[in-house]
Amino acid sequence: MIDLKEQTRLSLARPFQLLIDGRWTDVESGEALDVVNPADGGIIARIPAGGGADIDRAVIAARRAFESGPWPSMIPGERSRMLWRIADLIEARKEEFAELETLDNGKPIMMSTWVDVPASVAALRYWAGWCTKIAGETRAVDLPGEFLAMTLREPVGVVGLITPWNFPLMSAVSKLGPALAAGCTIILKPAEQTSLTALRLGEVILEAGVPPGVVNIVTGLGAVAGAALAEHGDVDKISFTGSTAVGKSLIGAARGNLKRLTLELGGKSPTIILPDADLKRAIPAAANSIFLNSGQICVAGSRLYVARERFDEVMEGLVKAAAKFRLGPGLDPATTMGPLVSDTQRRRVMDHIDSARGEGASIITGGNRVGDQGYFVDPTIICNVTPQMRVAREEIFGPVLVATPVDDPDELAALANDTEYGLSASIWTRDISAAYRLARKIRAGTITINTGSVAGPNLPFGGFKQSGWGRENGADGIESFTELKTVVTAL
Ligand code: NAD
């Protein structure tokens, strides 16, 4: 087990407060939430349980910063420098951010250190580059006379960012980056299970010189602070990542002032292995796709379809790959699979596994809680599943793979699409034409061919069907934080 860095211990010892209008402030109600270490169930910190009054204060500050503060009209290069500075400051505190993320979420320290923190830094630098590139167009006017017609991209206004617990810092940054680059002002509501890195990010944002009120951070329960933010009449847009159920509830909440919504929701993504696939690459990728981050990845390849003639070989390889994961506390550098984020999540995952058992499916490996401390579930592979079983239909968000042999390759697109979700799919074959044909038939936002998940701030990301509304990342991502205005001048 690694010893926490001095900086991390100091960071945990300092009180966690809300960031409103450029100042750290106590929650109005005085209430707090325990922060639980999922590796052992111990309490590592307390965070403010923000409520409606705190959201009101944050929205007032963000509105003032938007209407009369320097941020939206600041020259783009200056905004860009601040975003870059935030990235530099996170990088300078990278060990603290990685350790806080691992303590809070449970994920292996190797992952926080080599994925979560550097990817967050890289994303901020990517968004820093966008500040100077947001542009409108000139348009022809099809009327008699002489006109100059153009479109302007203006910041959408005050935005609420609601983020989940599986990649806490990365989710916060992937919304903050484009929102800041576009000139919006922000209220960030991180997931109550994992708010520590978001709160420390607030310190870095102040240190970088971002003006008061531009970024406000209110922690608290989703049903309280999150709902108050989503319903607030003076918030212009909500960008949400989380479950499909909560995403649907936000549609009602947004109704009052018709606020804009971007929804990044759940998935039940297929991995498809055709008979000619290179199994040396496909098997480890399929295993990582469902077992990394303990399966708590929205694009996890949770349904596997394999050509029947290769099915046994693939299963044998996957069982071996599952056995190689070393479960343990995230702070142990040897750990490759940490606990699930919470006891609630552990119960949810075990309930799915038990339902598969009850419905007659076969658990070919795993299927158990591990240890009686912390929230560990071992890598689990389930076969003999029918398409109607809960385990085949619902998002589990745990290390649980459902595998099905397929006789007729012409059925693959229909099988892949047999879900209410449409976030991603992965296809393995040496026949690139077959892969493209299948990719075009699958209704999902991201399709990978002969690779596991590939994501980045420049690759549009989002879902078809009930996996969401809109896209994050790239030009589409930043445009979702703007309004388009048409200006026509008679010459
Ligand atoms: P969740 O929907 O319960 O919570 C997500 C966020 O919403 C949290 O900040 C939570 O506090 C807040 N929230 C909860 N209830 C709310 C309400 N009534 N009003 C406003 N906000 C509310 O989801 P979760 O359990 O934290 O996260 C797991 C889910 O997120 C999975 O379903 C997963 O697929 C999804 N997810 C999707 C993506 C994506 O990009 N598509 C990425 C990560 C996670």
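Residues numbered from 1 in each chain as written. Predicted model: local features only at pLDDT ≥ 70, side-chain atom pairs only at ≥ 80, totals over all residues. Heavy atoms only, no water.

Chemist: Can you help me understand the site of the ligand in this one?
Modeler: Near the ligand there are 27 residues, and of these Lys-189, Glu-192, Ser-243, Leu-265 and Glu-395 occur at the shortest range. Note that an oxygen atom of the ligand is positioned 2.7 Å from one of the side-chain N or O atoms of Lys-189. Mapped onto the shell around the ligand, the elements with two or more residues apiece are α8 (222–231), β10 (237–241) and α9 (244–253). With four residues, α8 is the single largest residue contributor to the shell around the ligand. Along the lines of polarity and charge, the residues of the shell around the ligand split into 15 nonpolar, eight polar and four charged. Composition of the shell around the ligand by domain shows at least three residues from each of domain 1 (6–265 + 467–490) and domain 2 (270–456). (Near = heavy atom within 4 Å. Polar contact = N/O pair within 3.5 Å; in protein donor to acceptor, adjacent residues only side chain to side chain. Helix = DSSP H or I, 4+ residues; strand = E, 2+ residues; numbered from the N terminus. Nonpolar A, V, L, I, M, F, W, Y, C, P; charged D, E, K, R; others polar. Domains from an automatic or database assignment.)

Chemist: Explain the sheet that holds strand β6 (residues 147–155) to me, please; I cannot follow it from the model alone.
Modeler: Within a beta sheet, neighbouring strands are joined by backbone hydrogen bonds and run either parallel or antiparallel to one another. Taken together, the three strands give an open sheet; going across it, the order is β5-β6-β22, and neighbouring strands pair in antiparallel fashion. The open sheet has two edge strands with one neighbour each: β5 (138–139) and β22 (482–490). Two elements, β5 and β6, share two bridges in a ladder whose sense is antiparallel. Residue pairing in the sheet places Arg-139 in a bridge with Ala-149 of β6. (Pairing = 2+ DSSP bridges.)

Chemist: What should I look at first to understand the pattern of salt bridges in this one?
Modeler: As a working rule, side chains carrying opposite charge can pair if their charged atoms are close by. On inspection of all chains with the given rule, the structure shows 31 salt bridges. Where Asp-234 meets Arg-63, a salt bridge forms, and the shortest distance between an N and an O atom there is 3.1 Å. You can see Asp-234 sitting in the loop between α8 and β10 and its partner Arg-63 sitting in helix α2 (residues 52–68), a full 171 residues away along the chain. With a shortest N-O distance of 2.7 Å, Arg-260 and Glu-483 are connected by a salt bridge. Placement of Arg-260 in strand β11 (residues 260–264) and of Glu-483 in strand β22 is noted, with a sequence separation of 223 residues between them. For Arg-260, a relative accessible area of 40% translates into the label partly exposed. (Salt bridge = Lys/Arg side-chain N within 4 Å of Asp/Glu carboxyl O. Buried < 20%, exposed > 50% of the residue type's maximum accessible area, 1.4 Å probe, protein only.)

Chemist: I'm lost on the side chain of Arg-346 in this one. Help?
Modeler: Within the element layout of this structure, Arg-346 appears in helix α12 (residues 343–358). For Arg-346, the contacting residues outside a window of four places in its chain are Leu-340, Arg-369, Gly-374, Tyr-375, Phe-376 and Val-377. (Contact = heavy atoms within 4.5 Å.)

Chemist: Whenever I open this one, the packing of helix α5 (residues 109–130) against helix α6 (residues 168–182) confuses me. Can you help?
Modeler: The packing of two helices is summarised by the inter-axis angle and the distance between the axes. Close contact between α5 and α6 brings their axes to 9 Å; oriented N to C, the two are set at 5°. By the angle between their directions, the pair α5 and α6 is classed as roughly parallel. On the side of α5, the interface is formed by Val-115, Asp-116, Val-117, Ala-119, Ser-120, Ala-123, Leu-124, Trp-127 and Trp-130, while α6 contributes Leu-169, Met-170, Val-173, Ser-174, Gly-177, Pro-178 and Ala-181. When the residues that make up the contact of α5 with α6 are grouped by side-chain class, the tally is 12 nonpolar, three polar and one charged. (Axes fitted to C-alpha atoms, helices over the stretch in contact; angles between N-to-C directions. Parallel < 35°, antiparallel > 145°, perpendicular 65-115°, else oblique.)

Chemist: Quick question: what am I supposed to make of the domain arrangement of the protein chain here?
Modeler: By a widely used convention, the size of an interface equals the accessible area lost when the partners come together. Taken domain by domain, the protein chain consists of domain 1 (6–265 + 467–490) and domain 2 (270–456). Using C-alpha coordinates to define each centre, domain 1 is positioned 31 Å away from domain 2. Both faces considered, domain 1 and domain 2 share a buried interface measuring about 2,000 Å² in area, 62% of it formed by carbon and sulfur atoms. Across the contact surface, domain 1 and domain 2 share zero salt bridges. There are eight residue pairs in polar contact (both at pLDDT 80 or more) connecting domain 1 and domain 2. Its residues placed into classes, the side of domain 1 that touches domain 2 shows 11 nonpolar, 10 polar and three charged. (Buried area = accessible area lost by both parts, 1.4 Å probe.)

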